[in-house]
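# Reading the structure
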Amino acid sequence: MELNGKVPPGPLAEKWTNYKSSMPLVSPDNKRRLDVIVVGTGLAGGAAAASLGELGYNVKCFTFHDSPRRAHSISAQGGINAAKNYKNDGDSVHRLFYDTIKGGDYRSREGNVHRLAEVSVDIIDQCVAQGVPFAREYSGMLDNRSFGGVQVQRTFYARGQTGQQLLIGAYQALSRQISLGNVTMYNRHEMLDIVLVDGKARGIIARNLVTGKLERFAAHAVVLATGGYGNDFYLSPNARMCYETATWRAVRKGALMANPCFTQIHPTCIPQYGDYQSKLTLMSESLRNDGRVWVPKKKEDAEAIRQGKKKGIDIPEADRDYYLERRYPAFGNLVPRDVASRAAKVECDKGHGIVPTGLGVYLDFSSAFERYGKSKAHSMNLENPSAAQVREFGVKEVEEKYGNLFEMYEKITGEDPYTHPMKIYPAVHYTMGGLWVDYNLETNIPGLFALGECNFSDHGANRLGASALMQGLGDGYFVIPYTIGTFLSKEIRTPKFSAATPEFDEAEQAVRERLQGFLKNGGKQSTESFHRRLGKIMWDYCGMARNAEGLTKARRMIQELKAEFYTDVFVPGSMDEYNPELEKVTRVADFFELGELMCLDALQRNESCGGHFREEFQTEEGEALRDDENYKYVAAWGWQDTSQEPELYKEPLVYENIKVAARSYK
Amino acid sequence: MMVDNKLIIGLSGFIPVHINLLSTFINPYQPLSTLINLYKMKLNLKIWRQKNAKDNGRFETYQVVANEHMSFLEMLDVLNESLTSSQKEPVAFDHDCREGICGTCSLVINGQPHGPMGGTTTCQLHLRHFHDGQTIVIEPFRARAFPVLKDLVVDRSAFDRIIQAGGYVSIDTGQAPDGNAIPVGKDVASKSFDAAACIGCGACVAACPNSSAMLFVSAKVSHLALLPQGKIEAKKRVMDMVNQMDEEGFGMCSNITACEAECPKQISVENIARLNREFIGSSFTSTEKA
Amino acid sequence: MKSWFFRFFTSSIGKKLLMALTGLFLILFLMVHLAGNLQLLYNDGGVAFNVYADFMAHNPLIQLVSKGNFAFILLHAIVGTVLWVRNRSARGSQGYAVQKTKATQTNAGFAKNMWYLGVIVFVFIIIHLLQFWAMMKFGDVGADVNLVDIDGKQVKNLYALVEVAFTNMPFVFFYVLSMAVIAFHLWHGFQSAFQTIGWNHPKYTPVVQFLGKAYSVLVPLGFAVIPIVFYLRHA
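## What about the domain arrangement of chain A?
Residue and element names in this part refer to chain A. Partitioning chain A into structural domains gives domain 1 (265–428) and domain 2 (509–628). Each of domain 1 and domain 2 has a C-alpha centre, and the two are 33 Å apart. Contact residues are listed per partner, giving 11 residues for domain 1 and 10 residues for domain 2. Interface area for domain 1 against domain 2, summed over the two sides, is near 850 Å², with a carbon-plus-sulfur share of 62%.

## Considering the interface of chain B and chain A
It is common to give the size of an interface as the accessible area lost on bringing the parts into contact. The interface is formed by 92 residues belonging to chain B together with 99 residues belonging to chain A. Carbon and sulfur atoms make up 54% of the area that chain B and chain A hide from each other, which totals about 8,500 Å². Summed over the shared surface of chain B and chain A, the result is 9 salt bridges. In this structure, D66 of chain A engages R156 of chain B in a salt bridge whose closest nitrogen and oxygen atoms are separated by 3.4 Å. If you look at where chain B meets chain A, you find 48 residue pairs in polar contact (both at pLDDT 80 or more). Elements with a minimum of two residues in the side of chain B that touches chain A: α1 (32–35), α2 (72–85), β7 (148–150), β8 (153–154), α3 (157–164), α4 (186–196) and α6 (214–225) of chain B. With 7 residues, α4 of chain B is the single largest residue contributor to the side of chain B that touches chain A. Among the residues forming the side of chain B that touches chain A, the class breakdown is 42 nonpolar, 31 polar and 19 charged.

## Topic: a nonpolar patch on the surface
Together, V119, V123, I126, I127 and L130 of chain C give the surface a local cluster of nonpolar side chains, amounting to about 380 Å² of exposed area. Residue placement: V119 of chain C occurs in helix α6 (residues 114–138).

## With respect to the pairing of strand β19 (residues 633–638) of chain A
All names here are of chain A. In terms of burial, β19 is largely enclosed, as 6 of its 6 residues are buried. Where β19 and strand β20 (residues 647–652) come together, 6 bridges link them in antiparallel fashion. Considered in β20, the bridge of W637 is made with L648.

## What to know about unusual backbone geometry
Residue and element names in this part refer to chain A. Although it is not a glycine, N88 sits at a positive phi angle of roughly 60 degrees. Here N88 lies in the loop between β3 (80–81) and α4 (93–103). One non-glycine residue, N381, adopts positive backbone phi at about 60 degrees. Topologically, N381 is positioned in the loop between α11 (366–379) and α12 (387–413).

## Focus on the sheet that holds β20 of chain A
Residue and element names in this part refer to chain A. Taken together, 4 strands build an open sheet; the order of strands is β17-β11-β19-β20 and the sheet is antiparallel. The sheet is open, and its two edges are formed by β17 (434–435) and β20, each paired on a single side. The pairing of strand β11 (residues 257–258) with β17 spans 2 bridges and is antiparallel. Directly across from M257, in β17, lies its bridge partner L435. Helix α17 (residues 580–604) rests against β11, β19 and β20 of the sheet, and its axis sits at about 145 degrees to β19.

## Points about the packing of helix α2 (residues 12–37) of chain C against helix α9 (residues 205–234) of chain C
Residues and elements named next belong to chain C. Remark: α2 packs on α9, axes separated minimally by 10 Å, with the N-to-C direction vectors making an angle of 35 degrees. Every pair of crossing elements has a handedness; the one defined by α2 and α9 is left-handed. Side by side, α2 and α9 meet where I27, L28, L30, M31, H33, L34 and N37 of the first sit next to Y215, V219, G222, F223 and I226 of the second.

## Considering helix α8 (residues 169–196) of chain C
Residue and element names in this part refer to chain C. The end-to-end C-alpha distance of α8 is 40 Å, a good match for the 40 Å that 28 residues give at a rise of 1.5 Å each. Largest kink in α8: about 30 degrees, centred on L186. Immediately beyond the C-terminal end of α8, within one or two residues, lies G198, with a positive phi of roughly 95 degrees.

## A short note on the packing of helix α10 (residues 270–285) of chain B against α2 of chain C
Interaxial distance between α10 of chain B and α2 of chain C falls to 10 Å at its minimum, and their mutual angle equals 100 degrees. Between α10 of chain B and α2 of chain C, the crossing angle belongs to the class labelled roughly perpendicular. On α2 of chain C, the residues that touch L275, N276, F279 and I280 of chain B of α10 of chain B are I13, G14 and L17 of chain C. Across the contact of α10 of chain B with α2 of chain C, the residue classes break down as 5 nonpolar, 2 polar and no charged.

So, how was this worked out
- Residues numbered from 1 in each chain as written.
- Chains lettered and ligands numbered in written order.
- Predicted model: local features only at pLDDT ≥ 70, side-chain atom pairs only at ≥ 80, totals over all residues.
- Heavy atoms only, no water.
- Domains from an automatic or database assignment.
- Contact = heavy atoms within 4.5 Å.
- Buried area = accessible area lost by both parts, 1.4 Å probe.
- Salt bridge = Lys/Arg side-chain N within 4 Å of Asp/Glu carboxyl O.
- Polar contact = N/O pair within 3.5 Å; in protein donor to acceptor, adjacent residues only side chain to side chain.
- Helix = DSSP H or I, 4+ residues; strand = E, 2+ residues; numbered from the N terminus.
- Nonpolar A, V, L, I, M, F, W, Y, C, P; charged D, E, K, R; others polar.
- Patch = residues over 30% accessible without salt bridge, like charges linked within 9 Å, V, L, I, M, F, W, Y side chains within 5 Å.
- Areas by Shrake-Rupley, 256 points an atom, 1.4 Å probe, with all protein chains shown as cover.
- Buried < 20%, exposed > 50% of the residue type's maximum accessible area, 1.4 Å probe, protein only.
- Pairing = 2+ DSSP bridges.
- Axes fitted to C-alpha atoms, helices over the stretch in contact; angles between N-to-C directions.
- Left-handed = near helix turned anticlockwise from the far one by under 90°.
- Expected span 1.5 Å × (residues − 1).
- Bend = angle between axes of the 7 residues up to and from the residue.
- Parallel < 35°, antiparallel > 145°, perpendicular 65-115°, else oblique.

See the structure below:
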């Protein structure tokens, strides 16, 4: 199969504009006759369903949550990037484009990324108009802060709850379309299969999670916006309901999965604290604006801290190693996530970790308290403020900026982060890989589109902070409403679909048999316990550092675990009722196959880039060593029949506008 | 009414497979459980079980051995794990992000929505706030407008319908002017944000002796009514939303302020006063007769 | 299509507004009533009080206000009952096994039992009206009430009726208890009325809260002091 990215020709900066003005359109009258299914109601899905509804398409929108507003986009904390240059600090669309490509370690498509940078400015405008209460300056103008991997301030934020506010904006826009009748909303419905008719995506089989009934929905096109697969690792900051079923069902119907090994490790997670932990909690990257990361210089100090004999505040300034500032003076604490994560791991591996497991570093705000406090005292014309006063002012300023994050930290750890430096450690976070899509965000299955985290398109091998929200909303508000026309304009003569066709019968029957198979399995172990074991394999061998031997072993272990799972998993209850265990079992079943594919992808990519770090491929200083000659491509995997080996297709990446160089943040 | 199912659930009956999860890279370290001195606690749980919306439901009691580091929902996970491994049906409860922002989790714990800690969702509640041997009564959110679907899971779609009635700014994608073309005072943005911080969990309804949804509706109305972008259709919005709230069968506000006391996001009842003001003002001054 | 006016006053907030406005009027009325009652404490054998009572019974403007007052009491009671019924049903068929009601701005116990407190107050008002107001208004001279000559004018001697009642131990007890209930009702009701009409402001709400508490203690206390003083004087 030849993979055609369909990036339009012409100069980079004009591709999108020219393409938009020359692409085929669907007339308003015809839009009313076309049905579109949108699965997922996060930033990408919510924005897409609302925008498609506004355009006049008949939209059916699905979420397995109890409300569209629960999607995991809501947990995004720090902010959203946009090339507005409101700070007059030299930002531009091109700079955002460049930062994103570089941050992604040169493994993303130029055309897509440039378009993302272009629409970023419109996203902010749209969200402001919707009533998103972004942080403001005293002038009433929008405030910005900076995020990792960039040297400008372009991140818009709403305290530490930006994702929540943006999602509420999209949810409100969606609610408006629901009330107008343009969108029909199906809550607590889980998509369990995609139905293809003559090779085109024409509908889905969904299970009504309340009644347990399987339902069929037909449409002219299907849009997936179902998020990432970080929960393959079991412990991650993803919400518990982040699964990969929708994407994986698409793969099983012939869609290609691109770069599955590109998973991002987020450097600032609260370290693991208990045996029965169900998930990890992220502390926003925005904290690295003001927090300084350090470990004790002396191993004895680290040891004493681990044993509870000393605390972070007992270590004098001279004995602290601000290793990010030391190693990367140009970007300091704001190096990209992959770099910061690996640096933390290096320090902990050397024995400088500061939590009982040895896996934790400090994120310290004392300098920020002092800096903000002094500035505040100065603005209050206090000549010689006392240290206590400065601290008090500083704490207040920091509280204003990150109050909810500090509160969240205290609730989880039981320790006051205003007094003691925060303890953090890297954890799996975002997955850059996803369904392969072309410039139109269409997968290789005609009529099947993928938006947001569930596609692979914009972040290459590593995503920069505050860019996930940008991509989700960009895809949903400003890309899909146009690009879906390239497919639907050819469908205007296709009458409304009936779901009473053999294709739907067959798909529904397959889903039913699959569910019944699990119910009749008669095993002994819970789905959760299998998921936990899978997660451990994934983290151990396909986590922050990988090697060929481990990956090979992991694949075998996953296959064995999968075999055990199919013989010994126990699912209580029946199909025709609200049955969370039954929901979970199919989702975890899909994780086995995806996990295997992740290992396989990591194994074939004999280089280190971005979030993918192969121990065999590093520089003497321990930095990632890329191999542009052999691996400058998108690895897209087809795996319809899992009894056979997956097939690898390669889409070469062409860089016409920027020079591919080694990434340096020093 | 209760006690027909007793179970002893111990840490030993369950393989702690992921203890080493994060420690792969540093071999000398021991498993977490041996490093942290865990305070184990035995809890008696009295949990509402209800097969489906039509079932009458009843309390059942369970015992679970937990430790102080667990979150409340992790304790329920342990219970469910054990129920499942003894081939019984686990307790259904709503949960998702487990970091206090998605608003999915609920539960009335010993008579308080989201449990005894102020400003905390159930998922953020940790067992260090409970003690060994304590009896904990766990009930679903109760309101006519929030029917129970199963066990502790309730249907909160009434909130969605209230938003659909008018809780938005009617702007189509692509129509917006430049973000800085609409200046918003820092204090106004901050106040609007305070209201917008609502996670839509429904604790206000669960806490209110009248099962009133006024705190939720007032937070949503305030969020938009405070901002210049939202003022344009503020009158219609507040009337439509209150109308829908009434139709959903929520109770009426007696200013008891239990909602504010239990709100995990500490949304202020000042918003309810604003809602009253907006609704009364709009009803009398709106030029739309219908 | 029902008129907007009707729809407003049958909406949840409209009904609450009725409660707030009638409540605020009754709060004002209580103050005026207390001012009149305090004249009972003059040691003048009831002259000042009887003059005041006669004036109140015959001034046309007062009569009009008084009719409004009755209407408001009734409206307050009826709407309050409608709200109570609706609020009780809003919980659904299954209540909580355990419910702790916390409150931030008021006393949760008073606030959630306003209807029960209101019923007691209502019963008190009926008894109170039958005993004093009806006697003054419709009582047969000689049988129910006597006349007294003040400055050459024959007026009904309400003071004497009050004196009889207030020297009766069980009645004094009932009266003082009722005042306590009114105090509880006001403790929540005063500030709640302001909240309902939308009067919540970081600067002024603390003032309203303080006034409300002061009012709900002082006014019922003022009423309660009178029978106690009468009883003690008598004893």
